[in-house]
Amino acid sequence: MNCTRWSFLSRQEKLFPFTWFLNIIHDRFRKGKINFENTLELLSKFDIPYDYVHVKHIFKASDSLKAGTITLEDFRGIYRTIVHRGEIQELFKAHAPNHRTLPVPHLVEFLRNEQFQPEANETTASQLIAKFEPIEEAKRNAQMTLEGFLRYMTSDDCAIFKTEHRIVYQDMTRPLSEYFISTSHNTYLLSDQLIGPSHLWGYASALMKGCRCLEIDCWDGPSNDPVVYHGHTLTSKISFKTVIQVINKYAFLVSDYPLVLSLENHCSPKQQEVIADYLINILGDKLVVSTIDDMVPNELPSPEALKFKIMIKNKKLGTLEETLERRGTDSHGQTGEFEEEETSDEEKDENPAQSKLPLLKKRRTHWKGSIPPRKKQKMKKIKIALALSELVIYTKARKFVSFEDSRENQHFFEINSIGELKARKLAKLAATEFVQHTVRFITRIYPKGTRTNSSNYNPQEFWNVGCQMVALNFQTAGVQMDLQNGKFLDNGGSGYVLKPEYLRNANTKFNPYVLSANQHPVILTIKLISGHQLPPSSLSRSNKADPVVIVEIYGVPDDQTKQQSYVVKGNALSPRWNETFTFNIQVPELALVRFVVEDQLSLTSNDFLGQYTLPLLSMNKGYRKVPLFSKLGVNLHPASLFVHIWYFTQ
């Protein structure tokens, strides 16, 4: 390599060692120029993340002769454009004593003062240098160059989500009712609720997302073989047996903690027995068929005690004591019957599939005008096969009547399912009572039946009153599933998140609508510094988006707010904002923070580019990378935001 090839190197690159950059690339330039494919290969050798679209755009701009090739100097320009981010260089120079290298003591100081890692020491710094510094001579001298610092600041080690929250860290020995539980609605559906396909992938996909409560709608099938589909609709049917086989395969790949199968059971007693046999034979030892130690409990067991276990939620005959007394006896051929109030008009509106009326006829009836006065509810008889009933141990389905009725008559192992309309009304009219109810009993919320397009409600309003199982249509992307995914990132993605103490305490007076002085508010400050390799707008023909960032807070009503940055024109590669947002969060334990990046198409229209949602208290302080995800939840790596986070309790 002749001296003219060295002349363009900066002083930084000449320091350690002279051959580092050129040793990696010089073979490719023996013939003078390289094409686009060679450019991508070389960038990969530097172990840096890059976006194909952005590199292609920069390559074309560098190829002044339009020959499809670039020179060594051109490649260095591409490398610096992608890697040498100005905002991180400024940070490096502010802490490097000679603006060239960061010795171990100065790196320790940076970690403690800027990254809020008080436990950081020289061992910590040395490990970071060993992990991220690409230049061997710098490693030997226990120093970090700009190259290493850039790699560190854009790595997962500097991610906004706390490393310690990526594993199960919460107390998992509390009763099941003390946890928020990741819950799916109509898990078998892949699209809408009326004519869409039912598919096994719905179950596999939900389980791979950490879901811990799946819904199975069971109906009589041909040849005495039950099927799963959305009854009284044109959705396709799948075999109950294959559903359980898929669940058995995927149940504990992501989470070790207990799984609940919520059966919407519409089968005859004969096919209910078939269901029971499938559950026992396929799930084997995973299936909960008795209490722990065969003793009558006085509270729900913990997630820890039920690791790798599957529970059945269904209606049940008799008491738990009677089930334990019958252990070991053959219950096939035995059925029981009990009476229950028929579904009310309001509940039918929330779940049209429960109505015998065809959907179109039901809608015409509903549109005629005023709702008739509420009549005394008729009673209906329900037949249950004892073989299936015996499999219901800790999760017995119980119709919700009122909070007063539950206080007087409900057992700790009984679960209520409440439609979103009724639940919303209860939360607004009797929030403290609702919270006290969810302290004692697991409560499941499900979408209203008029959401025939499988849209979702905002789960936050029901988490605010302590509802454990807030069921969403996992197949439908949007803000609601972003909140779901963000909340259950916590505690290692196990699908179980311990509720705050005021949602677990039997004497709680918590009301999310009327806050008391017992809360511990947090001041949150987010400095939005920059973006990096943002995804181009789907409506743009180039990568020159006009990005704008919205920071949203979800939580109790007083905490619901958002702030928006200004628009950076024509720059999706490296937009700079340097804007600071401050939020006063009254109930930080329930708060979620959502970063949204959009492309401003006009003054009234934006196109979604990416988002990231996480719990407020799972946020690292200091300079942090915010990854971005697509509408469908796909990681858009290397697209990210660069922020500085600071929060403290008032």
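Residues numbered from 1 in each chain as written. Predicted model: local features only at pLDDT ≥ 70, side-chain atom pairs only at ≥ 80, totals over all residues. Heavy atoms only, no water.

As recorded by an unreviewed UniProt entry, the protein carries the name Phosphoinositide phospholipase C and is attributed to Salvator merianae. Its UniProt record gives the protein a comment under Cofactor (unreviewed entry), which states: "Ca(2+)". (UniProt positions renumbered as here; feature names shortened; annotations may be inferred.)

**Regarding helix α6 (residues 72–83)**
Its 12 residues place the ends of α6 16 Å apart at the C-alpha level, agreeing with the 16 Å of an ideal helix rising 1.5 Å per residue. Within α6, burial applies to L72, F75, R76, I78, Y79, I82 and V83. Down the axis of α6, the buried side of the element spans an arc of 160 degrees, and every buried residue falls inside it. (Helix = DSSP H or I, 4+ residues; strand = E, 2+ residues; numbered from the N terminus. Expected span 1.5 Å × (residues − 1). Buried < 20%, exposed > 50% of the residue type's maximum accessible area, 1.4 Å probe, protein only. Arc of directions from axis to C-beta.)

**Side note on the pairing of strand β9 (residues 259–265)**
Among the seven residues in β9, five count as buried, and that is most of the element. Sheet topology places strand β6 (residues 213–219) next to β9; six bridges connect them, and they run parallel. Looking at the pairing, C218 lines up with N265 of β9. Pairing of β9 with strand β10 (residues 310–313) involves four bridges; the strand directions are parallel. In the strand pairing of β10, V260 is matched with M311. Read as a crossover between parallel neighbours, the route from β9 over helix α14 (residues 269–283) to β10 is right-handed. (Pairing = 2+ DSSP bridges. Right-handed = clockwise from strand over helix to strand, strands pointing away.)

**Here's the deal with the sheet that holds β10**
Strand order in this open sheet of five strands is β8-β7-β6-β9-β10, and the pairing throughout is mixed. Pairing within the sheet leaves two strands with one partner each, and these edge strands are β8 (238–239) and β10. Strands in contact with helix α12 (residues 201–208) are β6, β7 (227–228) and β9; relative to β6, the strand with the most contacts, it is inclined by about 165 degrees. (Contact = heavy atoms within 4.5 Å. Axes fitted to C-alpha atoms, helices over the stretch in contact; angles between N-to-C directions.)

**Points about the packing of helix α4 (residues 36–45) against α6**
Two numbers describe how α4 lies on α6: the axes approach to 11 Å, and their chain directions differ by 50 degrees. Relative to α6, α4 is oriented oblique. When you trace α4 past α6, the crossing you get is right-handed. Listed contacts from α6 to T39, L42 and L43 of α4 are F75, I78 and Y79. Considered class by class, the residues forming the contact of α4 with α6 number five nonpolar, one polar and no charged. (Parallel < 35°, antiparallel > 145°, perpendicular 65-115°, else oblique. Left-handed = near helix turned anticlockwise from the far one by under 90°. Nonpolar A, V, L, I, M, F, W, Y, C, P; charged D, E, K, R; others polar.)

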